[in-house]
Amino acid sequence: TGLDLIEMQVSQTKNARSARALKKKQPQVIENPKQAMFIRGHKTSQLVTDVLSDLYDLKKPNGLKYNNRKKNTNHGPFEDISSVEFLSSKSDSSLFAYASHSKKRPHNITLGRLFDYHLLDMVELGVSAFKPMSDFKPEHLPMLGSKPCFSFIGPQFQTDIKYATIANLIVDFFRGRIVDNINLKGIDHVICLTLGPGETILFRHYYIHMRKSGTRVPRVELEEIGPSLDLVLRRTQFGAEALRTLALKVPKELNPKKQKNISTNTFHDVVGEVHVHRQKLGEIHEKVRKPKALRKRNLSEVSQEGSQSQDGKGETKKLKTQ
């Protein structure tokens, strides 16, 4: 596989600088943000070129452009994926957007992702309408590298495997670095996909304004900032199921160690169990020191104590008389 080839190259490198560069391509426990390639095909239209440029601006700073590479892009990814896999291994990128244009498939955009420099899945979308970011004049623009919200409107995004793959691919493309916590003010834009009439996918991009509401919760307003795309699904291709299973594998270091007698409920609250040995209730009272009045005594002990008390009284009386 590609990973085995990298390990072999690391062992055969002649200097430390080459070895460090190859080690960066090796699988990590916590991976870096996914890098995307924006490839301009052998023949493109001005519309699809502008779409590719706007998508590149959304992906910044984790994007690479490949323009007019005719020797590597004579065929589209559905006809020959080898050129895309070559560029992926060269740039250590796992996402790609490929722009092309033909009489049969005008204004074509192909989105896909790779694992171990092999195709995992890709979808081909036709652009039926487009409004670039330059046509919008918003008050503010999102910060570079900020994380967006995602909104998917339509039941097909959950029931149909094709549209569910598109939604998952869009999230993978623009989600950026995976974090555990995020500041509310750091969420400043939202990407919305809506399933319109004729199964057209409406791609919209909004800026989030947080206005004063007089309460602790701000009033949220959305302002469209572009790009605005109307997309039509054309073709899909999925990789081998074994490769998908391997891509979803979680490293052992990230799996939380199971602790004895500790679990979580449906509300993610930590619940603990305490195991107590069997208690001998019939013998507990023998180990507890009780007051003298509550102790159990035999008749012989009672009579002996009574006689001692009488002798003590008599001695005291004699002492008094003397």
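Our structure's up above, just so we're on the same page.
Owing to the predicted nature of the structure, the values given are computational and were not obtained by experimental measurement.

Basis of the calculations
Residues numbered from 1 in each chain as written. Predicted model: local features only at pLDDT ≥ 70, side-chain atom pairs only at ≥ 80, totals over all residues. Heavy atoms only, no water. Helix = DSSP H or I, 4+ residues; strand = E, 2+ residues; numbered from the N terminus. Buried < 20%, exposed > 50% of the residue type's maximum accessible area, 1.4 Å probe, protein only. Contact = heavy atoms within 4.5 Å. Areas by Shrake-Rupley, 256 points an atom, 1.4 Å probe, with all protein chains shown as cover. Pairing = 2+ DSSP bridges. Salt bridge = Lys/Arg side-chain N within 4 Å of Asp/Glu carboxyl O. Core = buried A, V, L, I, M, F, W, Y, C linked by side-chain atoms within 4.5 Å.

## Regarding the overall build of the chain
Next up, step 1: Of regular secondary structure, the chain possesses 9 helices and 12 strands.
Next up, step 2: Counting only residues that meet the buried cut, the chain has 32% of its 322 residues in that class.
Next up, step 3: Restricting to contacts in the chain with at least 6 residues of sequence separation, those with at least 24 account for 65%.
Next up, step 4: Of the roughly 22200 Å² of accessible surface on the chain, 53% is carried by carbon and sulfur atoms.

## Some words on the pairing of strand β3 (residues 95–100)
Next up, step 1: Counting buried positions along β3 gives 6 out of 6 residues, so the element sits mostly inside the fold.
Next up, step 2: Neither face of β3 is exposed, since Leu 95, Ala 97 and Ala 99 on one face and Phe 96, Tyr 98 and Ser 100 on the opposite face are all buried.
Next up, step 3: Note: strand β1 (residues 36–40) against β3, 5 bridges, orientation parallel. In the sheet register, Phe 38 faces β3, and the bridge partner there is Ala 97.
Next up, step 4: Of the pairings in the sheet, the one linking β3 to strand β4 (residues 108–115) comprises 6 bridges and is antiparallel in character. Residue pairing across strands places Leu 95 opposite Arg 113, the latter belonging to β4.

## Let's talk about the pattern of salt bridges
Next up, step 1: Enumeration according to the criterion identifies 13 salt bridges in this entry.
Next up, step 2: A salt bridge links Asp 172 to Arg 175; the shortest N-O distance between them is 3.3 Å.
Next up, step 3: With its nearest N and O atoms 2.2 Å apart, the salt bridge here joins Arg 219 to Glu 221.
Next up, step 4: Owing to a relative accessible area of 29%, Glu 221 belongs among the partly exposed residues under this scheme.
Next up, step 5: Among the charged side chains, a salt-bridge network with shared partners connects Lys 34, Arg 113, Asp 121, Asp 172, Arg 175 and Arg 244.

## Regarding the nonpolar core
Next up, step 1: In terms of nonpolar packing, the biggest core is built from 33 residues, with Leu 111 and Ile 166 touching the most fellow members.
Next up, step 2: For this core, the element with the most residues is helix α6 (residues 161–174), which contributes 7 residues.
Next up, step 3: The residues touching Leu 111, leaving out its near neighbours within four places in the chain, are Phe 96, Ala 97, Asp 121, Met 122, Val 123, Leu 125, Leu 169, Ile 170 and Phe 173.
Next up, step 4: One finds Val 84, Tyr 98, Leu 119 and Met 122 within the second-largest nonpolar core, a separate group that totals 12 residues.

## Quick look at the pairing of strand β5 (residues 118–131)
Successive residues of a regular strand alternate their side chains across the two faces of the sheet.
Next up, step 1: Buried residues dominate β5, accounting for 10 of its 14 residues.
Next up, step 2: Two strands pair when backbone bridges link them, and β4 and β5 are joined in this way by 8 bridges, in the antiparallel orientation. Paired with Ile 109 across the strands is Leu 125, a residue of β5.
Next up, step 3: Counted between consecutive antiparallel strands, the loop separating β4 from β5 contains 2 residues, among which Asp 116 sits at a positive phi close to 55°.
Next up, step 4: The sheet contact formed by β5 and strand β10 (residues 228–238) spans 10 bridges and is antiparallel. Residue Lys 131 lies in a different strand from β10, and its bridge partner there is Ser 228.

These figures come from the coordinates and say nothing about function on their own.
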